[in-house]
Amino acid sequence: MSAWFSQLAANLEATAAQGLYRARRVLATPQGSVVQVDGNRVVNFCSNDYLGLANHPDVVAAFQAGANCYGVGSGSAHLICGHSAAHHALEEELAAFTGRDRALLFSTGYMANVGIITALLGAKDAVFEDRLNHASLLDGGLMSGATFKRYAHGDVGHLQGQMAKATGNKLIVTDGVFSMDGDFAPLPALVAAAKAADAWLMVDDAHGLGTIGNHGGGILDYYGLNQDDVPMLMGTLGKGLGTSGAFVAGPALIIETLIQKARTYIYTTAMPAAVAEATRASLKIASTESWRRDKLQALASHFRAGAGQLGLQLMPAIAADKTNPEAVVSAIQPILVGDSERAVAISNALLKAGFWVSAIRPPTVPVGGARLRVTFSALHETQQVDGLLDALATIMVNHPPTFK
Ligand SMILES: *Cc1c(COP(=O)(O)O)cnc(C)c1O
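Rules used in this analysis
Residues numbered from 1 in each chain as written. Predicted model: local features only at pLDDT ≥ 70, side-chain atom pairs only at ≥ 80, totals over all residues. Heavy atoms only, no water. Helix = DSSP H or I, 4+ residues; strand = E, 2+ residues; numbered from the N terminus. Expected span 1.5 Å × (residues − 1). Buried < 20%, exposed > 50% of the residue type's maximum accessible area, 1.4 Å probe, protein only. Near = heavy atom within 4 Å. Polar contact = N/O pair within 3.5 Å; in protein donor to acceptor, adjacent residues only side chain to side chain. Nonpolar A, V, L, I, M, F, W, Y, C, P; charged D, E, K, R; others polar. Contact = heavy atoms within 4.5 Å. Pairing = 2+ DSSP bridges. Axes fitted to C-alpha atoms, helices over the stretch in contact; angles between N-to-C directions. Domains from an automatic or database assignment. Salt bridge = Lys/Arg side-chain N within 4 Å of Asp/Glu carboxyl O. 1 Å grid on protein atoms, 1.4 Å probe; cavity = no way out; pocket = protein on both sides within 12 Å on 5 of 7 lines; lining within 4 Å. Points joined across faces, edges and corners; volume = space filled by probe spheres on them. Phe/Tyr/Trp six-rings, centres within 6.5 Å; stacked < 30°, edge-to-face > 60°. Parallel < 35°, antiparallel > 145°, perpendicular 65-115°, else oblique. Left-handed = near helix turned anticlockwise from the far one by under 90°.

For an α-helix, the turn length of 3.6 residues means that residues three or four places apart are oriented alike. With 16 residues, helix α12 (residues 273-288) extends 23 Å from end C-alpha to end C-alpha; this agrees with the ideal 22 Å at 1.5 Å per step. Across the 16 residues of α12, 13 count as buried, placing the element largely inside the fold.

Gly109, Tyr110, Asp204, His207 and Lys239 are the nearest of the 14 residues found near the ligand. Here a nitrogen atom of the ligand sits 2.5 Å away from a polar atom, N or O, in the side chain of Asp204. Broken down by class, the residue content of the shell around the ligand amounts to two nonpolar, nine polar and three charged.

Further remarks concern helix α6 (residues 135-143). Those residues of α6 that fall on the buried side of the exposure criterion are Ser136, Leu137, Leu138, Gly140 and Gly141. Tucked into the core, α6 has its buried residues touching α5 (109-120), β4 (126-130), β5 (147-151), β6 (170-175) and β7 (200-204).

Here the focus is the sheet that holds strand β15 (residues 370-375). The strand order β12-β15-β14 describes an open sheet built from three strands, whose pairing is antiparallel. Across the chains shown, the open sheet's two edge strands, defined by having one partner strand only, are β12 (332-338) and β14 (358-360). When the angles between neighbouring strand axes are averaged without regard to direction, this sheet yields 30°.

Along the chain, Asp386 turns up in helix α15 (residues 382-398). Judged by its relative accessible area of 32%, Asp386 falls in the partly exposed class. In sequence terms Asp386 and Phe303 are 83 residues apart; their C-alpha atoms lie 7.8 Å from each other.

The next point concerns the domain arrangement of the protein chain. As far as domains go, the protein chain holds domain 1 (19-48 + 290-398) and domain 2 (57-288). Put simply, the middle of domain 1 and the middle of domain 2, counted by C-alpha atoms, are 26 Å apart. Counting residues at the interface gives 24 residues for domain 1, matched by 25 residues for domain 2. Counting the contacts that link domain 1 with domain 2 gives one salt bridge. Taken together, the links from domain 1 to domain 2 amount to seven residue pairs in polar contact (both at pLDDT 80 or more).

Moving on, we come to the layout of surface pockets. By volume, the largest pocket amounts to about 830 Å³. Considering the residues around the largest pocket, the lining is formed by 32 residues, among which Cys46, Trp356, Ser358, Ala359 and Ile360 are closest to the centre. For the lining of the largest pocket, the elements supplying multiple residues, two or more each, are α14 (340-352) and β14. Among the residues making up the lining of the largest pocket, the classes are represented as 11 nonpolar, 14 polar and seven charged. Looking at the lining of the largest pocket, you find at least three residues from each of domain 1 (19-48 + 290-398) and domain 2 (57-288).

For the structure shown, the criterion picks out eight salt bridges. For Arg25, the salt bridge is made with Asp38, and the minimal N-O distance between the two is 3.8 Å. Taken as a pair, Arg25 in the loop between α1 (2-17) and β1 (34-37) and Asp38 in the loop between β1 and β2 (40-44) lie far apart in primary sequence, 13 residues in all. The class for Asp38 is partly exposed, based on a relative accessible area of 42%. In this structure, Glu277 engages Arg280 in a salt bridge whose closest nitrogen and oxygen atoms are separated by 3.5 Å. With Glu277 and Arg280 both in helix α12 and three residues apart, this pair spans about one turn of that helix. Connected through shared salt-bridge partners, Glu93, Glu277 and Arg280 make up one network.

The next subject is the side chain of Thr243. For Thr243, the position within the fold is in the loop between β8 (232-236) and β9 (246-250). At a separation of 2.7 Å, a polar atom in the side chain of Thr243 contacts the side chain of Thr279.

The final tally for this structure, using the stated rule, is five aromatic pairs. Ring geometry for Phe106 against Tyr265: centres 5.6 Å apart, planes inclined by 70°, an arrangement best described as edge-to-face. Of this pair, Phe106 sits in strand β3 (residues 102-106) while Tyr265 sits in helix α11 (residues 263-266); the two residues are 159 residues apart in sequence, bridging distant segments of the chain. Clustering of aromatic rings is evident, with ring pairs tying together Phe45, Phe303, Phe355 and Phe376.

To describe two helices that pack against each other, one gives the angle between their axes and the distance between the axes. Remark: helix α13 (residues 291-310) packs on α15, axes separated minimally by 10 Å, with the N-to-C direction vectors making an angle of 20°. Viewed along their axes, α13 and α15 adopt a mutual orientation that is roughly parallel. Crossing hand, α13 versus α15: right-handed. Judged by residue contacts, Leu299, His302, Phe303, Gly306, Ala307 and Leu310 of α13 engage Thr382, Val385, Asp386, Leu388, Leu389, Leu392 and Ala393 from α15. A breakdown of the residues in the contact of α13 with α15 according to their chemical character gives nine nonpolar, three polar and one charged.

Structural data, given as structure tokens:
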């Protein structure tokens, strides 16, 4: 017992020595462009509340009305007695929003990804994942027991080589907008590769949903891809939509299979019905108020231009289409720093200057790939972005790279 304790202590010390120690900061306010953290008011550039809906009055009111109507706890899993009219209506609205047969709610995105992949694949099958996929997608692939291959980031040729050697049912899995890089999966090429190899494609659009596409339909909307092209679209509710939970949308046969077989769906309590009611309200705002997406685009583009002038190392968090080479900018605009300790030092200095930007370090990103993950919200103002750029200009110089 005491030996085990000393092991844990040594591990924590080693983590700290590498600049990889993680600590929570305590928030005293709702999400918004300005928040109070550890007693100080700072501009928040690290939230995934891209459209500014987490504390929107209509969403809060829908949540309260939902609690008045359904209470707080849902009482059980969906398949026992926890599936309320609110959940059911939200599923129908998500299916319509994504243009798919049906949608199925999960309590979290992590659970959705694990549940979908493990329900569809077994030991005789094969799963192919982009190297930079979200941890929940990788975990789902590993837990499925299928042959598990990771292809180089965005490298469709590499994927095709791996698929050529595979047997059984083949599933390709990718983030739509990559969570820590902000770049876009090469979806048209992935769809073509999937069709040619008789594989299915699953897209996790946690960061595209609400933020891109004509009505916020996400990356599939942007590229004009339907349910035949991408049978499984997974989306989260806790980011652009500002609430909590997740869903998968696709053909009825797949949804029905997941209801029967996805363990993270079956063996867990349904999300509170009030969360479903709040999400119905936020979905309405997200799909109709396109000014939120336009503003997000403008802020992120403004930041890219300013950071470029400062010589900061941006990432290719931008997608082009045929008509406009700079058509869509991601709400995630990381600045590559490299060294973890330097990334933390810069993040701490920014916080002191009144700007909250999180340092993302391994194992969330590859070793040597530490970065400042700057994210934007429709609630930011241009002058706040300028303030961040000014602070970065000084602080990056004061924290030069160290060569070890
Ligand atoms: C956040 C995220 C998830 C997990 O969603 P939660 O609802 O937070 O569990 C899954 N995939 C991606 C790409 C994400 O960014």
